[in-house]
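Chain by chain, the residues run as shown.
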Amino acid sequence: MMTSSPWTRRLLATIGVFALVFLTVPIVIVVPMSFSSAKSLTFPPPGFSMRWYETLFGNPRWMEAMTTSAILAVISSILALLLGGLAAYGLRRGAFKGNDWAESNFMAPLIVPAIIVAIALYLGLAKIGLLGTFFGLVMAHTILNVPLVMMVLGVAIRSFDLRIEQVAWSLGASWSYTVRKVVLPNLAPSVFAAWIFAFIGSFDEVIVTSFVAGKYDTVPKKMFNELILEVNPTITAVATLLIGLTVLALAAVAVILHRAGRLKPTIV
Amino acid sequence: MRGKGFGFIAPLLVVMVVAFDAPIVYMLGLAFWHKGQGPTLEHYQALFEAPVYLRVLGNTMRISLIATIANVAIGYPLAHWMRGLSGRGRTIAIALVVLPFWVSILVRTYAWIVVLGNGGLVNRFLQWTGLTDAPVSFLYNELGVTIGMANVLLPFLVLPLFAAMIRIDDRLMQAAASLGASPRTIFWKIYFPLTVPALAAGALLVFILCLGFYVTPAILGGGRVPMISNLLDTLINQIPRWEQASAISTILLVVTLLIFGAYRRLDRKATA
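Presented here is a report on the structure given in the accompanying data block. (Residues numbered from 1 in each chain as written. Chains lettered and ligands numbered in written order. Predicted model: local features only at pLDDT ≥ 70, side-chain atom pairs only at ≥ 80, totals over all residues. Heavy atoms only, no water.)

Some details on the overall build of chain A
Point 1. A count of helical and extended segments in chain A gives 12 helices and 1 strand.
Point 2. When the helices and strands of chain A are placed in sequence order, the string is α-α-α-β-α-α-α-α-α-α-α-α-α.
Point 3. Its C-alpha atoms put chain A at 70 × 65 × 30 Å along the principal axes.
Point 4. Looking at chain A as a whole, 53% of its 268 residues are labelled buried.
Point 5. Sequence-distant contacts, at least 24 apart, represent 71% of the contacts inside chain A between residues at least 6 apart.
Point 6. Carbon and sulfur atoms form 69% of the exposed surface of chain A, whose accessible area is close to 11,900 Å².
Point 7. Of the charged side chains in chain A, 19 are positive and 11 negative; the average position of the first set lies 8 Å away from that of the second. (Helix = DSSP H or I, 4+ residues; strand = E, 2+ residues; numbered from the N terminus. Buried < 20%, exposed > 50% of the residue type's maximum accessible area, 1.4 Å probe, protein only. Contact = heavy atoms within 4.5 Å. Areas by Shrake-Rupley, 256 points an atom, 1.4 Å probe, with all protein chains shown as cover. Lys, Arg positive; Asp, Glu negative; His and termini not counted. Charge placed at Lys NZ, Arg CZ, Asp CG, Glu CD.)

Okay, here's the thing in structure tokens:
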């Protein structure tokens, strides 16, 4: 390592710590605020109360938004996992013309700004009369989450030894039998990680949902609409629940991948 | 497009063509079509004749550029510092960068209202230290939007940059040191040039994401800091001018794809 002067090292450490604080401050602040007894947003909170959680869980519209978000996230993440998983396998193991082109197409929703996807889907769904339908919403969330699934599974499949599959084929197993009995059991941890990421991706999606959801309210959509209007402390409770969900999901992924010895490639 | 394994990608291909490619093509069509008359460039002409569009475009470019520079200024030292950490310290630092990456953008943006408000943490600290008498307004102006965007996008720069930095072989620097190079020379002549492709790729990625940013300007800008996305929202949801929105979207899409092409080339260089 470079042996720089103690001054340089101290300066670097200061900037590093400052940057980590800058990154985490929003998360660190929201959680205690959600237990505040104050009517307005003040930090530190003057006292402890559960009033914002009571308001939240007592509000049928928030409850409905949570149900919608959960159902939408479950359906679209499973669809993204099935479609994206199959495609990732086909791309890694197959050999056909247009392979690269197909992969770029599947990854495109990650690169094309969400606002453009939102507008294109808004116009397209309006044209065929599916704007504001649950089906349209599921389709939108599915294509948005496919790239996440393909990134995680693409890495996993590439690092899985092709010769193991070749043995299965040489013993007369079909492609689909090999995938079910050989590939899937071995990739189970990564499949789980991919599903979790797709689930969070859907549960947090706000832009495309705001454009195409019509009368359906999801948690982020409702949160966004309320934030634009006024600063309402109930949001801190919603935000804390979302942070809790993310921490749990990441912890689950970390534990499962750690056990399988595959932590590194997936997280970054 | 036939061959081994095609059956695995066919289902997704159908869904993508119907639910993604077709809507995008339809949007492009709207941007270049006059109903009942055929192809036209009139929607673009209208764009360049209205000063409001050009102002929003300039705004977006400026804010994106500043947020990207801030990201580089904070992100590079952070990634470099993390490279020097070892064991548990490094794991904790990585976790603190990865966690915000996955927490909802809404949550992270929302918290800045509390931190940056007139009675917020930053202002109380500034007044307590006597740096200012009256509260500095961070919210509902460009400053707040820039801070929020830099915060949300920082992990996108730091994670790949850090990954590139830990791939640099320590022996390179040791060799230079044994030949008598000073730490400063080693950093600028050996270490820094090796990180430039990853840094440039990360900066381009952040810049692309800034250009299409919607949530943070809407919340922290309070309608007073219009960026392209917010303009598009108005053109779709409030005063329906779909052709105009399509024309702007097309420009944004082309710019994004061009920058992304440059990003891909740099990223290949960085990971090669």
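More follows now that the structure is in view.
Brief notes about empty space enclosed by the protein
Residues and elements named next belong to chain A.
Point 1. With the rule as written, the count across this model stands at 1 cavity of 30 Å³ or more.
Point 2. Space inside the largest cavity adds up to approximately 30 Å³.
Point 3. Around the largest cavity, the lining residues are Met33, Ser36, Ala38, Ser40, Leu41, Thr42, Trp52 and Pro233.
Point 4. Its residues placed into classes, the lining of the largest cavity shows 5 nonpolar, 3 polar and no charged. (1 Å grid on protein atoms, 1.4 Å probe; cavity = no way out; pocket = protein on both sides within 12 Å on 5 of 7 lines; lining within 4 Å. Points joined across faces, edges and corners; volume = space filled by probe spheres on them. Nonpolar A, V, L, I, M, F, W, Y, C, P; charged D, E, K, R; others polar.)

Describing the side chain of A:Ser77
All names here are of chain A.
Point 1. When you line up the elements, Ser77 lands in helix 3 (residues 60-93).
Point 2. In this structure Ser77 comes out as buried when scored by relative accessible area, which is 0%.
Point 3. Engagement of the side chain of Ser77 in a polar contact is seen with the backbone oxygen of Ala73, the distance being 2.6 Å.
Point 4. Those residues in contact with Ser77 that sit more than four places away from it in its chain are Leu72, Trp195, Ala198 and Phe199. (Polar contact = N/O pair within 3.5 Å; in protein donor to acceptor, adjacent residues only side chain to side chain.)

Some thoughts on the nonpolar core
Point 1. Within the largest apolar cluster, 181 residues are counted, with the highest numbers of intra-cluster contacts made by A:Phe106, A:Ile115, A:Phe211, A:Val212, A:Met223 and B:Leu78.
Point 2. Apart from the residues lying within four places of it in its own chain, the contact partners of B:Leu78 are A:Gly16, A:Ala19, A:Leu20, A:Leu23, B:Val97 and B:Val158. (Core = buried A, V, L, I, M, F, W, Y, C linked by side-chain atoms within 4.5 Å.)

A closer look at the side chain of A:Asp204
Point 1. Tracing the backbone through its elements, the reader meets A:Asp204 in helix 8 (residues 175-204).
Point 2. No salt bridge is formed by the buried A:Asp204; the nearest opposite charge belongs to B:Arg108, separated by 7.8 Å.
Point 3. Not counting chain neighbours up to four residues away, the residues in contact with A:Asp204 comprise A:Pro220, A:Leu242, B:Trp102, B:Val103 and B:Ser104. (Salt bridge = Lys/Arg side-chain N within 4 Å of Asp/Glu carboxyl O.)

Quick notes on unusual backbone geometry
Residue and element names in this part refer to chain B.
Point 1. Unlike most non-glycine residues, Tyr140 shows phi in positive territory, near 55°.
Point 2. Within the secondary structure layout, Tyr140 lies in the loop between helix 6 (121-128) and helix 7 (142-166).
Point 3. Taking the relative accessible area as the measure of exposure, Tyr140 reaches 30% and is therefore partly exposed.

Some remarks on the environment of A:Ile119
Point 1. Mapped onto the fold, A:Ile119 is located in helix 5 (residues 114-127).
Point 2. Given the relative accessible area of 0%, A:Ile119 is considered buried.
Point 3. Sequence-wise, A:Ile119 and A:Gly214 are 95 residues apart; in three dimensions their C-alpha atoms are separated by 14 Å.
Point 4. Apart from residues no more than four positions distant in its own chain, A:Ile119 is found in contact with A:Phe211, B:Met27, B:Leu232, B:Ile236 and B:Ser249.

With respect to helix 5 (residues 105-116) of chain B
Residues and elements named next belong to chain B.
Point 1. Over its 12 residues, helix 5 extends 17 Å from the first C-alpha to the last, a length consistent with the 16 Å expected when each residue adds 1.5 Å.
Point 2. When you tally the buried positions in helix 5, you get 11 out of 12 residues, the bulk of the element.
Point 3. For helix 5, every residue scored as buried is listed here: Leu106, Val107, Arg108, Thr109, Tyr110, Ala111, Trp112, Ile113, Val114, Val115 and Leu116.
Point 4. Sitting at the head of helix 5, Ser104 places a side-chain oxygen 3.1 Å from the backbone nitrogen of Leu106. (Expected span 1.5 Å × (residues − 1).)

Section: the interface of chain A and chain B
It is common to report an interface's size as the accessible area lost on association of the parts.
Point 1. On the side of chain B, 79 residues touch chain A, which itself brings 87 residues to the contact.
Point 2. Surface buried jointly by chain A and chain B totals about 7,600 Å² across both partners, of which 85% is contributed by carbon and sulfur atoms.
Point 3. Viewed at the interface, chain B and chain A are joined by 0 salt bridges.
Point 4. Summed over the shared surface of chain A and chain B, the result is 2 residue pairs in polar contact (both at pLDDT 80 or more).
Point 5. At 16 residues, the largest contribution of residues to the side of chain A that touches chain B is made by helix 1 (residues 6-34) of chain A. (Buried area = accessible area lost by both parts, 1.4 Å probe.)

Brief notes about the packing of helix 6 (residues 134-158) of chain A against helix 1 (residues 6-31) of chain B
Point 1. Between helix 6 of chain A and helix 1 of chain B, the shortest axis-to-axis distance is 10 Å and the interhelical angle comes to 130°. What the angle tells us is that helix 6 of chain A and helix 1 of chain B run oblique. Taken as a pair, helix 6 of chain A and helix 1 of chain B cross one another with a handedness that is left-handed. Touching A:Met139, A:Ile143, A:Val146 and A:Met150 of helix 6 of chain A are B:Leu12, B:Val15, B:Met16, B:Ala19 and B:Phe20, all from helix 1 of chain B. (Axes fitted to C-alpha atoms, helices over the stretch in contact; angles between N-to-C directions. Parallel < 35°, antiparallel > 145°, perpendicular 65-115°, else oblique. Left-handed = near helix turned anticlockwise from the far one by under 90°.)

Observations regarding the packing of helix 3 of chain A against helix 6 of chain A
All names here are of chain A.
Point 1. Direction vectors running N to C along helix 3 and helix 6 enclose 45°, while the axes themselves pass 6 Å from each other. Classified by the angle their axes make, helix 3 and helix 6 are oblique. Of the two possible hands of crossing, helix 3 and helix 6 adopt the one that is right-handed.
Point 2. Broken down by class, the residue content of the contact of helix 3 with helix 6 amounts to 20 nonpolar, 8 polar and 3 charged.

Re the pattern of salt bridges
All names here are of chain A.
Point 1. The full count for this structure, using the stated rule, is 9 salt bridges over all chains.
Point 2. Taking the shortest distance from any N to any O, the salt bridge between Arg92 and Glu103 comes out at 3.0 Å. Pair noted here: Arg92 is in helix 3 and Glu103 is in helix 4 (residues 99-111), with a separation of 11 residues, a long-range link.
Point 3. You can call Glu103 partly exposed: its relative accessible area is 21%.
Point 4. Among the ionic pairs, Glu226 bridges to Lys222, the shortest N-O distance being 3.1 Å. Of the two residues, Glu226 and Lys222 both sit in helix 10 (residues 219-229), 4 residues apart, roughly one turn of that helix.

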